[in-house]
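# A look at the structure
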Amino acid sequence: MNQDNLKRIAAQTALEYIDGGLIGVGTGSTVNHFIDLLAGIKHKIDGAVSSSKASTALLQSHGIEVLELNSAGELAIYVDGADESNHYLQLIKGGGGALTREKIIAAASKRFVCIADASKLVQVLGKFPLPVEVIPMARSMVARHLVKLGGTPIWREGVITDNGNQILDVHNLELSQPIALERTINDIPGVVTVGLFALRSADILILGTEDGAKTIYAETIEVDP
Ligand code: 5RP
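Cut-off values and rules
Residues numbered from 1 in each chain as written. Predicted model: local features only at pLDDT ≥ 70, side-chain atom pairs only at ≥ 80, totals over all residues. Heavy atoms only, no water. Helix = DSSP H or I, 4+ residues; strand = E, 2+ residues; numbered from the N terminus. Rg over C-alpha atoms; globule rule 2.2 N^0.38 Å. Buried < 20%, exposed > 50% of the residue type's maximum accessible area, 1.4 Å probe, protein only. Contact = heavy atoms within 4.5 Å. Axes fitted to C-alpha atoms, helices over the stretch in contact; angles between N-to-C directions. Parallel < 35°, antiparallel > 145°, perpendicular 65-115°, else oblique. Left-handed = near helix turned anticlockwise from the far one by under 90°. Core = buried A, V, L, I, M, F, W, Y, C linked by side-chain atoms within 4.5 Å. Near = heavy atom within 4 Å. Polar contact = N/O pair within 3.5 Å; in protein donor to acceptor, adjacent residues only side chain to side chain. Areas by Shrake-Rupley, 256 points an atom, 1.4 Å probe, with all protein chains shown as cover. Nonpolar A, V, L, I, M, F, W, Y, C, P; charged D, E, K, R; others polar. Phe/Tyr/Trp six-rings, centres within 6.5 Å; stacked < 30°, edge-to-face > 60°. Pairing = 2+ DSSP bridges. Domains from an automatic or database assignment. Buried area = accessible area lost by both parts, 1.4 Å probe. Salt bridge = Lys/Arg side-chain N within 4 Å of Asp/Glu carboxyl O.

### With respect to the overall build of the chain
Counting secondary structure elements, the chain contains 6 helices and 13 strands. Computed over its C-alpha atoms, the radius of gyration of the chain comes to 17 Å, within 12% of the 17 Å expected for a compact globule of 225 residues. Summarising its shape, the C-alpha atoms of the chain cover approximately 50 × 35 × 35 Å along the three principal directions. For the chain, the residues scored as buried account for 54% of the 225 residues in total. Pairs at least 24 apart in sequence give 72% of the contacts found in the chain among residues at least 6 apart.

In structure tokens, the structure reads:
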């Protein structure tokens, strides 16, 4: 089975967690499958809060109403993909550049269901370069800070986020303490969002595997405070 089929299997299983109300919706190719499948049960939901212009356009193309988070209150569920997850369900996200709105909606949701193909589950985060959204005027300064942390930041040239900002993809970071590193990078002036989702990790990870969907619950964290 190809990777796209595995993503669809995960997206299909996430539908089982939809129980009416407003749904938080992430961004990316796995979420695109989820949105396509959500269209089949759209009569069961009140609408969606979207994490990107791309997801908004796809949701609306299926006739699913998209609401602003400011008028939505707390969401029961957020469904989104990931670039990597460890066994604590701490994630690297932002490959699609939507990390800021994704982090906001994850924080506004009671339950975060992450959907991915099985290749995304790793022992230690960090093979995938860590996306960091920055205010454009601060890009070089933030990059110097990230070098001091041991990283090799590469500017994602030509990409402007939905918030009008830029992205640095940081290679070679040591990511064994994701919560601490998330806090450290958050504290650099000019950083809008770091694509580490460790302070607010996922609650459930649904992986598409060759043998069907596999649901994983977070292991208890022992290494991080
Ligand atoms: C977008 C994201 C995506 O969830 C992540 O990049 C995974 O994408 P895909 O489902 O296409 O593999 O964080 O900002």
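### Side note on the packing of helix α1 (residues 3–14) against helix α2 (residues 29–38)
Remark: α1 packs on α2, axes separated minimally by 8 Å, with the N-to-C direction vectors making an angle of 50 degrees. In terms of orientation, α1 lies oblique with respect to α2. The two elements α1 and α2 meet at a crossing, and its hand is right-handed. Contacts from Asp 4, Lys 7, Arg 8, Ala 11, Gln 12 and Ala 14 in α1 reach Ser 29, Thr 30, His 33, Phe 34, Asp 36 and Leu 37 in α2.

### Details of the nonpolar core
As a rule of thumb, soluble globular proteins bury nonpolar side chains together. Membership of the largest hydrophobic core comes to 24 residues, with the highest contact counts inside it found for Ile 18, Phe 34, Leu 38, Val 113 and Ile 115. Within the residue set of this core, elements represented by two or more residues are α1, β1 (22–25), α2, β3 (75–80), β6 (109–117) and β12 (204–209). When residues of this core are assigned to their parent elements, the largest contribution, 5 residues, is made by α2. When neighbours within four sequence positions are excluded, Val 113 is seen to be in contact with Ala 14, Tyr 17, Ile 77, Tyr 78, Val 79, Asp 80, Ile 204 and Ile 206.

### A word on the site of the ligand
Close to the ligand lie 17 residues, the nearest being Ser 29, Thr 30, Asp 83, Lys 93 and Lys 120. Contact distances for the ligand include 2.6 Å between an oxygen atom and a side-chain N or O atom of Thr 30. Gly 94 places a main-chain nitrogen or oxygen 2.8 Å from an oxygen atom of the ligand. Look at the ligand: alone it shows 380 Å² of surface, and the protein chains cover 91% of it. When grouped by side-chain class, the residues that make up the shell around the ligand number 2 nonpolar, 9 polar and 6 charged.

### Overview of the environment of Gln 60
Turning to its location among the elements, Gln 60 is positioned in helix α3 (residues 53–61). In this structure the C-alpha to C-alpha distance between Gln 60 and Ile 9, which are 51 residues apart in sequence, comes to 23 Å.

### With respect to the packing of aromatic side chains
Summed over the entire model, instances satisfying the criterion amount to 1 aromatic pair. Ring geometry for Tyr 78 versus Phe 112: centroids 5.1 Å apart, planes at 50 degrees, classification tilted. Of the two residues, Tyr 78 is situated in strand β3 and Phe 112 in strand β6; the sequence distance between them amounts to 34 residues. Accessibility assignment for this pair places Tyr 78 and Phe 112 in one class, buried.

### Digging into the pairing of strand β7 (residues 130–134)
In terms of residue burial, β7 counts as a mostly covered element, since 5 of its 5 residues are buried. Summarising the sheet, β7 and strand β9 (residues 166–171) pair through 5 bridges and their orientation is antiparallel. Looking across to β9, one finds that Pro 131 is bridged to Asp 169. Pairing geometry for β7 and strand β10 (residues 191–194), over 3 bridges, is antiparallel. The residue of β10 that forms the bridge with Val 132 is Val 194.

### What about the domain arrangement of the chain?
We note that the domain assignment places domain 1 (3–123 + 199–217) and domain 2 (130–194) within the chain. Here the C-alpha centre of domain 2 lies 24 Å away from the C-alpha centre of domain 1. Taken together, the 15 residues of domain 1 in the interface contact 18 residues of domain 2. Together domain 1 and domain 2 conceal approximately 1400 Å² of surface at their shared face, both sides included; 54% is due to carbon and sulfur atoms. Taken together, the connections running from domain 1 to domain 2 amount to 1 salt bridge. A salt bridge links Glu 182 to Lys 103; the shortest N-O distance between them is 2.7 Å.

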